[in-house]
Amino acid sequence: MLRNLLLPLVLLAAEPAKSHAVENAIVLSEFQVWADAAGPETYRALNKRYLEKNSCHSFNLYPHYEYFVWDAERMKYWVDEAVALGAFNLFCIGDDTRTAKGHLFTAEGLNPELETTYFSIVEYAHRRKLMVAVEPHAMPKIRDEAHFAPWLEKWVGTEIPRARRADIIKLSVEWFGAYQNSPNMAHEVKAFFEACKKVNPEVLIYVDSTGGPWLKPQPFHRWLLHQYPGTILSHYLNTSQVGAFREMGARNMMVQINPCEIGPGACHLFLYFDKTVASLKDVVDKRVPYLSLAGVNYAYNRRDFDLFLDVIRPHLNLAPDVAALRKSIVPDEIEEPIDENEVKRLLLEGAAKEKQPASNQTPGPAGENP
């Protein structure tokens with residue numbers, strides 16, 4: 001009898017926690033890997049660089065591309081780690097790092113030497129009940145629908161068996177010349193979206209920004225979120241930019257945290273546990289529904305990951321598939337939309353301004369150049 005009387009009280013006490021978890025729900029949690037370190041020699045080379053420069057990123061070891069490998073069996077280990085941690089529903093293959101055999105992707109499609117490896121990784125991740133994303137590096141040299149379509153057909157086309165097909169494309173603005181203020185960015189990204197819709201409309205594309213000026217809202221972002229409302233917009237390393245993008249009207253923010261790159265300089269030798277915890281707490285506090293942990297196969301430690309993921313575990317409401325993920329997306333609210341031609345004009349103006357000598361620039365209010 002006492003047990004029956006207490007039961008409603010227990011349910012009432014539990015209800016606020018349940019509501020809070022739903023309110024702060026993280027729907028997408030990404031585990032992104034890059035090409036693996038070939039072996040101990042890679043870490044010795046990173047350590048040598050760190051002792052000399054106080055920072056060490058895999059890119060610093062180029063042109064020693066032999067330090068990095070894509071290996072299907074080793075990638076299966078990382079898939080298993082993602083599953084074992086119980087906090088991820090997306091396995092992302094990031095083609096950032098060059099190997100002795102090149103990148104996974106070429107301007108023609110998949111690298112013939114790595115095609116079997118790539119499809120094996122995708123298939124195994126699906127077998128372990130994870131969604132799969134790919135962040136390609138190389139793209140067709142001519143970036144229009146006519147060239148994107150056959151390139152996409154080779155790895156997400158409907159002729160590819162579903163088990164071997166990526167569910168999501170992580171599209172980096174870096175690959176479209178963001179750092180160079182490429183004037184055709186919007187036109188090229190539009191061509192990519194349209195080609196992908198024709199090749200396989202089931203594939204979801206989310207857009208990944210990079211550092212520098214791209215940490216702040218740009219005309220490109222206003223165009224993108226008006227042209228393709230409901231596009232998940234990912235940002236790099238922390239949550240500091242979430243407020244400004246939400247003020248702009250972005251409603252589907254994603255934060256990428258690289259646990260081995262949050263310090264003053266990238267270091268692929270150790271995790272920044274404290275800064276990772278702080279960033280994850282910000283993700284929860286700012287109610288960011290989409291999260292990525294990237295470069296996880298560098299400086300990885302199961303114990304540390306298991307511990308810092310406790311920050312987000314009470315707030316996970318992970319989508320099992322892309323259809324469920326799409327249902328979590330809400331419309332963006334861009335008040336001052338522009339078209340791709342206006343983006344091009346503004347980028348050209350910005351590039352011209354950067355080339356001007358400082359003496360020719362208009363002084364700011366305090367007599368300083370803007």
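It should be emphasised that the depicted structure is a prediction, and the values quoted were computed from it without experimental measurement.

1. A look at the pairing of strand 8 (residues 168-172)
The two faces of the sheet receive side chains in turn, since in a regular strand these alternate between them.
And then number 1: When you tally the buried positions in strand 8, you get five out of five residues, the bulk of the element.
And then number 2: Here strand 8 shows no split at all, with Ile-168, Lys-170 and Ser-172 on one side and Ile-169 and Leu-171 on the other all buried.
And then number 3: For the segment spanning strand 7 (residues 131-135), helix 5 (residues 145-156) and strand 8, crossover handedness is right-handed.
And then number 4: Here strand 8 pairs with strand 9 (residues 204-208) via five bridges, running parallel. Each bridged residue has a counterpart across the sheet, and for Ile-168 the counterpart in strand 9 is Leu-204.
And then number 5: Handedness of the crossover joining strand 8 and strand 9 through helix 6 (residues 185-199): right-handed.

2. Description of the packing of aromatic side chains
And then number 1: Under the defined criterion, the tally for this structure stands at 27 aromatic pairs.
And then number 2: Each ring, one from Phe-193 and one from Tyr-228, has its centre 4.3 Å from the other, and the planes form 20 degrees; the classification is stacked. With Phe-193 in helix 6 and Tyr-228 in the loop between helix 7 (219-227) and strand 10 (233-236), this residue pair connects regions lying 35 residues apart in the sequence. By the burial criterion, Phe-193 is buried, and Tyr-228 matches it.
And then number 3: Ring plane angle 90 degrees and centroid distance 6.2 Å describe the contact between Trp-223 and Tyr-228, whose orientation is recorded as edge-to-face.

3. Observations concerning the confidence of the model for the protein
And then number 1: For the protein, mean pLDDT is 89; residues scoring 70 or higher make up 89% of the total.
And then number 2: Scored below 50 in pLDDT, residues 361-370 shows 13 contacts in the model against residues more than four places distant or in partner chains.

4. Brief notes about helix 2 (residues 40-53)
And then number 1: Between its terminal C-alpha atoms helix 2 stretches 20 Å, which fits the 20 Å expected from 14 residues at 1.5 Å a residue.
And then number 2: Those residues of helix 2 that sit buried are Thr-42, Ala-45 and Leu-46. Projected onto a plane normal to the axis of helix 2, the buried residues spread over an arc of 100 degrees and lie on a single side. For helix 2, exposure combined with an orientation more than 90 degrees from the buried face picks out Pro-40, Arg-44, Lys-48 and Leu-51.
And then number 3: Following helix 2 by one or two positions, Asn-54 adopts a phi angle in the positive range, close to 70 degrees.

5. Section: helix 6
Turn by turn, an α-helix covers 3.6 residues, leaving residues three or four places apart pointing in a common direction.
And then number 1: The terminal C-alpha atoms of helix 6, which comprises 15 residues, lie 21 Å apart, in line with the 21 Å expected from a rise of 1.5 Å per residue.
And then number 2: By the criterion of burial, helix 6 is predominantly enclosed, with eleven of the 15 residues buried.
And then number 3: For helix 6, the complete set of buried residues consists of Met-185, Ala-186, Glu-188, Val-189, Ala-191, Phe-192, Phe-193, Glu-194, Ala-195, Cys-196 and Val-199.

6. Side note on the sheet that holds strand 4 (residues 90-94)
And then number 1: Read around the closed barrel, eight strands run 1-4-7-8-9-10-11-12, paired in parallel fashion. Recorded for the sheet is a direction-independent mean angle of 25 degrees between the axes of neighbouring strands.
And then number 2: Where strand 11 (residues 253-257) lies against strand 12 (residues 290-294), four bridges are found, and the strand directions are parallel. Pairing of Met-254 across the sheet is with Tyr-290, part of strand 12.
And then number 3: In this fold helix 4 (residues 115-127) packs onto strand 4 and strand 7, with an angle of close to 170 degrees to the strand it touches most, strand 4.

7. A few points about the nonpolar core
And then number 1: Of all hydrophobic cores here, the largest spans 102 residues; its most connected members are Phe-91, Tyr-118, Leu-152, Trp-155, Phe-192, Phe-220 and Leu-224.
And then number 2: When residues of this core are assigned to their parent elements, the largest contribution, nine residues, is made by helix 6.
And then number 3: The contact partners of Phe-91, leaving out residues within four places of it in the chain, are Phe-31, Val-33, Met-75, Trp-78, Val-79, Ala-82, Ile-121, Ala-125, Leu-130, Met-131, Val-132 and Ala-133.

8. Quick notes on the packing of helix 7 against helix 12 (residues 340-355)
And then number 1: Helix 12 packs onto helix 7 with a crossing angle of 170 degrees between their chain directions and a minimal axis gap of 9 Å. Judged by the inter-axis angle, helix 7 sits roughly antiparallel to helix 12. Facing Pro-219, Phe-220, Trp-223 and Gln-227 of helix 7, the residues of helix 12 in contact are Glu-340, Val-343 and Leu-346.
And then number 2: The residue inventory of the contact of helix 7 with helix 12, partitioned by class, reads five nonpolar, one polar and one charged.

9. So, the side chain of Ser-234
And then number 1: Within the secondary structure, Ser-234 sits in strand 10.
And then number 2: When sequence neighbours within four positions are dropped, the list of residues in contact with Ser-234 reads Tyr-206, Val-207, Asp-208, Ser-209, Met-254 and Gln-256.

10. What to know about the pattern of salt bridges
And then number 1: Within this structure, the stated rule accounts for 19 salt bridges.
And then number 2: Glu-73 is the salt-bridge partner of Lys-76, the closest N and O atoms lying 3.1 Å from each other. You can see Lys-76 and its partner Glu-73 sitting in helix 3 (residues 72-85), three residues apart, about one turn around the helix.
And then number 3: The partner of Glu-135 in a salt bridge is Lys-170, with the nearest N and O atoms 4.0 Å apart. Taken as a pair, Glu-135 in strand 7 and Lys-170 in strand 8 lie far apart in primary sequence, 35 residues in all.
And then number 4: Put simply, Glu-30, Glu-135 and Lys-170 are held in one network by salt bridges that share partners.

11. Points about the state of the cysteines
And then number 1: For the structure on display, the rule yields zero disulfides.
And then number 2: With no disulfide of its own, Cys-56 lies closest to Cys-267 among cysteine sulfurs, the gap being 3.6 Å.
And then number 3: The exposure class of Cys-267 is buried, given its relative accessible area of 1%.

What counts, and where the lines are drawn
Residues numbered from 1 in each chain as written. Predicted model: local features only at pLDDT ≥ 70, side-chain atom pairs only at ≥ 80, totals over all residues. Heavy atoms only, no water. Buried < 20%, exposed > 50% of the residue type's maximum accessible area, 1.4 Å probe, protein only. Helix = DSSP H or I, 4+ residues; strand = E, 2+ residues; numbered from the N terminus. Right-handed = clockwise from strand over helix to strand, strands pointing away. Pairing = 2+ DSSP bridges. Phe/Tyr/Trp six-rings, centres within 6.5 Å; stacked < 30°, edge-to-face > 60°. pLDDT = per-residue confidence, 0-100. Contact = heavy atoms within 4.5 Å. Expected span 1.5 Å × (residues − 1). Arc of directions from axis to C-beta. Axes fitted to C-alpha atoms, helices over the stretch in contact; angles between N-to-C directions. Core = buried A, V, L, I, M, F, W, Y, C linked by side-chain atoms within 4.5 Å. Parallel < 35°, antiparallel > 145°, perpendicular 65-115°, else oblique. Nonpolar A, V, L, I, M, F, W, Y, C, P; charged D, E, K, R; others polar. Salt bridge = Lys/Arg side-chain N within 4 Å of Asp/Glu carboxyl O. Disulfide = S-S within 2.5 Å.

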